[in-house]
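If you want the building blocks of each chain, they are given just below.
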Amino acid sequence: MADTPVELAPPGIPSTRPHPGWIISAALSSVRSFIAAFIAIAFSVRDQGIIVITFAMLVPGLLIIGWRSIQWQAMRYSAQDGAISLSTGLLEKNERTIQVERIQSVDTLETPIGRILGVSELQIATAGAAQPITIPAISAGEAERLREWIDASRSGVDGRSADLKQAERPNEPAHSTVVHQMSGTDVLLAGLTAGLIAPALAIAAAAWRLGSDILPESLRQRVPIDPDRLTPASVVALIAAAAAMAWGLSIAGAALSLWNFTVQRAPDSLILNRGLLDRKQNTIPVSRIQAISVVEGVLRQPFGFASVMIESAAKPHGDDESGGARHLFPFVRKRDILRLIEAALPEFSWSDAGIDLHRLPARARSRYLIPVIRDFAIGLVVTCAVLSWLPRVEWWYGLFLLPLLPVWLAFGYLQFRDAGWSLDSNDRLFVQQRSFDRSLVVTRGRRVQVRELSSNPMQRRAHLGSLTLLLATIGGRGTITINHLDHDDGEQLLASLSPHNRPPI
Amino acid sequence: MIDASAGPIPGLEQPLRPLDPKAVPAWRITTGAAALFGVAVWVAILIVLHQTGAVSNLPILIAFFLFGVTLAALTTWYGPRVEWNHWRYDIRDDEIDLQSGMFTITRTLIPITRVQHVDFRQGPVERRLGLATIVVHTAAGSREIPGLSATEAGPIRTRIAALANIHDDL
């Protein structure tokens, strides 16, 4: 590895304008946002004959195209001397530069219009919440050239840490291979098991807005939702209809965003492709991946399915995936996970024999269960108090909540049982935890930024503590927590992760 | 308590250095200001309760008021003392080691190579008493060392910055 001659970086890209296709796609998006104005104009001149109408449409259209052309004239991007820069702006010039070694990910987005014009949008993200550089329109060939230039410039940068690369990637693939492609059935099942609460709320809100905004008053009065005549059967039917609709939307959403999801491994990076209408491509350098997590959703775990996420310090393209995490495998069978990770990211895989996790001591169980009982008791008392205040209901209706207690306790117990960690001799750190979903985080000890061990008076009495490990990722997903572990185990883990106790890299 | 009962683990020696004792009066001033504000809010709530007739019994209102004042006074007087007692720090060659907290005691370890930059901060109260706060920033958030004597804080910041000036591959 160290003997590989450092390739000379290709010359890069001199100061260039984006693809002229941008003028058309940007003009179309302006037309879309002024669609109401266009309709209003057409409406106001509708009696003046076809020539006037055409003219009235054409003038603002041409103005928009003219404005976009001037904007396009002022845009330049370049990739030279180990940095990518983009300058925009007519009156107020704005130039942004990103050093190649700071690049966290390169994402492209191809909209249906862009596909017709042969252009896509390219985003280059750095660590943190800073805005990425966005080249608004670039042809496929040019994007490929830019990506190759980034790869070549970076391998020059990483060249001096060849030993580190050797240590981290014992079986690094030599060339780009497709590791995984999601089938249509998987996309369907992913949508079906995506979790119900968020889409159900969205549906309820949307339906309510639709009902109050669009439906005319007279029609709404005819809809038979009269609180006095609401029977249990109609309530159940309404809830079932809302759930079915939420499921439908969830499946449609999954189909749009996950369609043809493909994972490709190149020597130094992962390339992810997905999307039905908007096609997205993410290129993530492997050295920038902070951790991966295997998430078993409550609806997926019983059927043996899970999803695998990538945690990095880059903000993902668009806001569809929150918290800086991206799907690596959005929906896979649990028994396939190890094989797939081995193929896509051997840096984060584990042994066939499984992971031997350290568990929590038995005395930690009550620390998981007591808060559940306490919170439930508070909730019960408050509910009963509110009910006794209300007319027409009795306070003891609140007792119907009691059957939920075993479910709650079961979750508390599962949180206790599922918590565990392991740090192997390769500096690979595994932490399993559960909130509702069970997740297994795989990272490297040297990726941990801050380690904290805290103990409140109750924990001190039982010689327990809570361990928090922070990774450099966006949002809370990079926070690894092990609650109520043996305090000595916590100190041992703090010490094992100390730079003092790890061999120098 | 956290104190070494099982003997030190290699690489995890307890941090030893306490903060400047003047941190206690400094924190009493800032905590006291916050407590005064809390008492004002509490009095406002009690007045509303009285005016709306929800609680019309005057002795009960006075008892509530005294309870609030006592809580504020105790927090102001003992809180900073307890926190100061728990605070320890150490800047070692490879790690920054902190221990802090009032009820929940937290041990924080930050490898020096993970430090991105260091801030030196001085509020009005701190300046008057000759104190300063050091803020250590990493890619995963920041941590503070408050209540250092200003003369000591300068060299500490310089030392962390010098130690941290190593290539980081975030």
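Computed from a prediction, not measured in an experiment: that's the story for all the values here. (Residues numbered from 1 in each chain as written. Chains lettered and ligands numbered in written order. Predicted model: local features only at pLDDT ≥ 70, side-chain atom pairs only at ≥ 80, totals over all residues.)

Examining the packing of helix α2 (residues 35–44) of chain A against helix α3 (residues 50–73) of chain A
Residues and elements named next belong to chain A. Relative to each other, α2 and α3 sit at 155°, their axes nearing to 9 Å. By the angle between their axes, α2 is roughly antiparallel relative to α3. For α2 against α3, the interelement crossing comes out right-handed. Here α2 contributes Phe-38, Ile-41 and Ala-42 to the contact with α3, which in turn contributes Ile-53, Ala-56 and Met-57. For the contact of α2 with α3, the class distribution of residues is six nonpolar, no polar and no charged. (Axes fitted to C-alpha atoms, helices over the stretch in contact; angles between N-to-C directions. Helix = DSSP H or I, 4+ residues; strand = E, 2+ residues; numbered from the N terminus. Parallel < 35°, antiparallel > 145°, perpendicular 65-115°, else oblique. Left-handed = near helix turned anticlockwise from the far one by under 90°. Contact = placed C-beta atoms within 7 Å. Nonpolar A, V, L, I, M, F, W, Y, C, P; charged D, E, K, R; others polar.)

Regarding the sheet that holds strand β9 (residues 262–265) of chain A
Residues and elements named next belong to chain A. Strand order across the open sheet formed by seven strands is β7-β6-β5-β11-β10-β9-β8, with antiparallel pairing between neighbours. Edge strands, defined here as strands with exactly one partner in the open sheet, are β7 (133–139) and β8 (177–181). When strand polarity is set aside, the average angle formed by the axes of neighbouring strands in this sheet is 20°. Pairing analysis gives four bridges linking β9 to strand β10 (residues 269–274), with the strands arranged antiparallel. Bridge pairing in β10 links Val-263 to Leu-272. Relative to β7, helix α1 (residues 21–33) is tilted by about 115°, and along the sheet it contacts β6 (119–125) and β7. Docked against the sheet, helix α11 (residues 334–344) engages β8, β9 and β10, running at close to 150° with respect to β8. (Pairing = 2+ DSSP bridges.)

What about the sheet that holds strand β3 (residues 83–88) of chain A?
All names here are of chain A. Read across the open sheet, the four strands follow the order β1-β2-β3-β4; overall the sheet is antiparallel. With partners counted over all chains shown, the strands left at the sheet margins are β1 (13–16) and β4 (94–99), one partner each. Strand-to-strand twist in this sheet, taken as the mean axis angle between neighbours without regard to direction, amounts to 15°. Here strand β2 (residues 76–80) runs beside β3; their pairing, made up of five bridges, is antiparallel. Looking at β3, one finds that Ser-78 is bridged to Ser-85.

Details of the domain arrangement of chain A
Residues and elements named next belong to chain A. According to the domain assignment, chain A consists of domain 1 (13–174), domain 2 (184–258), domain 3 (262–360 + 419–501) and domain 4 (362–415). For domain 3 and domain 4, the distance between their C-alpha centroids amounts to 32 Å. Counting from both sides, the interface comprises eight residues of domain 3 and, opposite them, six residues of domain 4. Here the residues of the side of domain 3 that touches domain 4 sort into five nonpolar, two polar and one charged. (Domains from an automatic or database assignment.)

So, the domain arrangement of chain B
Where interface size is quoted, it is often the accessible area lost as the parts come together. Residues and elements named next belong to chain B. Examined at the domain level, chain B breaks down into domain 1 (23–83) and domain 2 (88–164). Of note, the centres of domain 1 and domain 2, computed from C-alpha atoms alone, are 32 Å apart. Contributions of two or more residues to the side of domain 1 that touches domain 2 are made by α1 (23–51) and α2 (58–86). Per element, the largest residue contribution to the side of domain 1 that touches domain 2 is five residues, and it comes from α1. Residues of the side of domain 1 that touches domain 2, tallied by class, amount to five nonpolar, two polar and one charged.

Some thoughts on helix α7 (residues 184–192) of chain A
Turn by turn, an α-helix covers 3.6 residues, leaving residues three or four places apart pointing in a common direction. Residues and elements named next belong to chain A. By the burial criterion, the buried members of α7 are Asp-186, Val-187, Ala-190 and Gly-191. When α7 is viewed along its axis, its buried side chains cluster within an angular range of 135° and face the same direction. Opposite its buried face, α7 presents the exposed residues Gly-184 and Thr-185, each directed more than 90 degrees away. (Buried ≥ 20, exposed ≤ 12 C-beta atoms within 10 Å, placed from the backbone. Arc of directions from axis to C-beta.)

Some points on α11 of chain A
Among all positions in α11 of chain A, only Ile-337, Ile-341 and Ala-344 of chain A are buried. For α11 of chain A, the angular spread of the buried residues around the axis is 75°, confining them to a single face.

Notes on the interface of chain B and chain A
In this complex, chain B contributes 28 residues to the contact, which on the side of chain A involves 27 residues. Secondary structure elements with two or more residues in the side of chain B that touches chain A: β3 (105–111) and β6 (141–149) of chain B. Among the elements that line the side of chain B that touches chain A, the one with the most residues is β3 of chain B, at seven residues. Taken together, the residues of the side of chain B that touches chain A break down into 14 nonpolar, eight polar and six charged. Here strand β19 (residues 448–455) of chain A pairs with β3 of chain B via five bridges, running antiparallel. Its bridge partner lying in β3 of chain B, Ser-454 of chain A is registered against Thr-106 of chain B.

With respect to the packing of helix α12 (residues 365–389) of chain A against helix α13 (residues 404–418) of chain A
Residue and element names in this part refer to chain A. Remark: α12 packs on α13, axes separated minimally by 9 Å, with the N-to-C direction vectors making an angle of 155°. Taken together, α12 and α13 sit at an angle that is classed as roughly antiparallel. Where α12 crosses over α13, the two elements pack in a sense that is right-handed. The residues of α13 that touch α12, namely those facing Arg-365, Tyr-368, Leu-369, Val-372 and Phe-376, are Leu-405, Trp-408, Leu-409, Gly-412, Tyr-413, Gln-415 and Phe-416.

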